[in-house]
Amino acid sequence: MKKRLAENGLLSILLAGVLFFISATSNGQSHKLPPFRMMQANGKVFKAEDLPVGKPILLVYFSPDCDHCIKMLRAFFKDATGFKKASLAFITFLTLDKVATFEKSYGLKQYPNLYLGTEGTSFFVRNYFKIRELPFVALYNKNGDFIRSYSKDIDWKDLRNRLRSLP
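Values in this document were obtained by computation on a predicted structure and should not be read as measured data.

Remarks on the environment of Arg132
Piece 1. Mapping Arg132 onto the fold places it in the loop between α4 (124-128) and β6 (136-140).
Piece 2. In the structure, Arg132 is positioned 19 residues away from Ser151 in sequence and 8.8 Å away in space, judged by C-alpha atoms.

Observations concerning the pattern of salt bridges
Piece 1. Enumeration according to the criterion identifies 5 salt bridges in this entry.
Piece 2. With a closest N to O distance of 3.5 Å, Lys98 and Asp65 form a salt bridge. With Lys98 in helix α3 (residues 96-105) and Asp65 in the loop between β3 (57-61) and α2 (67-78), this residue pair connects regions lying 33 residues apart in the sequence.
Piece 3. A residue is classified by how much of its surface remains accessible, and Lys98, at 37% relative accessible area, is partly exposed.
Piece 4. The class for Asp65 is exposed, based on a relative accessible area of 51%.
Piece 5. Between Asp158 and Arg162 there is a salt bridge, with its nearest N and O atoms 3.1 Å apart. Taken together, the residues Asp158 and Arg162, both in helix α5 (residues 156-165) and 4 residues apart, mark about one turn of the helix.
Piece 6. According to the relative accessible area criterion, Asp158 is partly exposed, its value standing at 23%.
Piece 7. In this structure, a network of salt bridges that share partners links the residues Arg148, Asp158 and Arg162.

Focus on α3
Piece 1. When α3 is considered as a whole, its buried residues turn out to be Val99, Phe102 and Glu103. Take α3 and look down its axis: the buried residues cluster within an arc of 100 degrees, on one side only. Among the exposed residues of α3, those pointing more than 90 degrees away from its buried face are Asp97, Thr101, Lys104 and Ser105.
Piece 2. Residues of α3 that are buried make contact with α2, β4 (87-92) and β5 (114-118).
Piece 3. Phi turns positive one or two residues past the end of α3, at Gly107, with a value near 60 degrees.

Conventions used here
Residues numbered from 1 in each chain as written. Predicted model: local features only at pLDDT ≥ 70, side-chain atom pairs only at ≥ 80, totals over all residues. Heavy atoms only, no water. Helix = DSSP H or I, 4+ residues; strand = E, 2+ residues; numbered from the N terminus. Salt bridge = Lys/Arg side-chain N within 4 Å of Asp/Glu carboxyl O. Buried < 20%, exposed > 50% of the residue type's maximum accessible area, 1.4 Å probe, protein only. Arc of directions from axis to C-beta. Contact = heavy atoms within 4.5 Å.

In C-alpha cells, the structure reads:
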C-alpha cells in the first residue's frame, strides 16, 4: 500500500512538472495567429480571418500616445516598402476617434496591406500575449504559425530580414 501511494505521489509530481513545462513554454497561447477582432476607423469590424491568406503577418500592438511606439512607427514608415509582402495588423486599445486621427496623420490609406483598428476595452490581444510593454510585434508565417515576438525597442532591420527569409 505504501509503495502504491509513493508511486501515485511520484506520478502526481511528474504530471505537475509536465503541465508546468507545457504552460511555461507555450505561455498559454497556441502558436497560431489569435482570432482577434478590431473596429476600424470606418466603423467596420475587421477579424483575423479577414487577413489575406498566403502572406506573412505582422501583428503590431501599440498606442499612438506611447513614446516608444512613436519611435517604432517612425522607423517602420522609413522602411515600409520592406514590409510589402506581409499583411500588417496594427491594433490599439484607444478609442475609435484616436484611431481615425492616427490613420489620417500617418497617411495609412496609402498602405493597402496595413489594417488598423482598436480592440477597445476587450483587451483580447493584450491579454492573449500578456503584453506588459509597448510596442509589441508578433511575426507569423504565411500559414499563421508564430515565428517570433518583439517588444518595446524593436529591431526593424532584424524583423525585416526575418520576414524576407520566410518562404
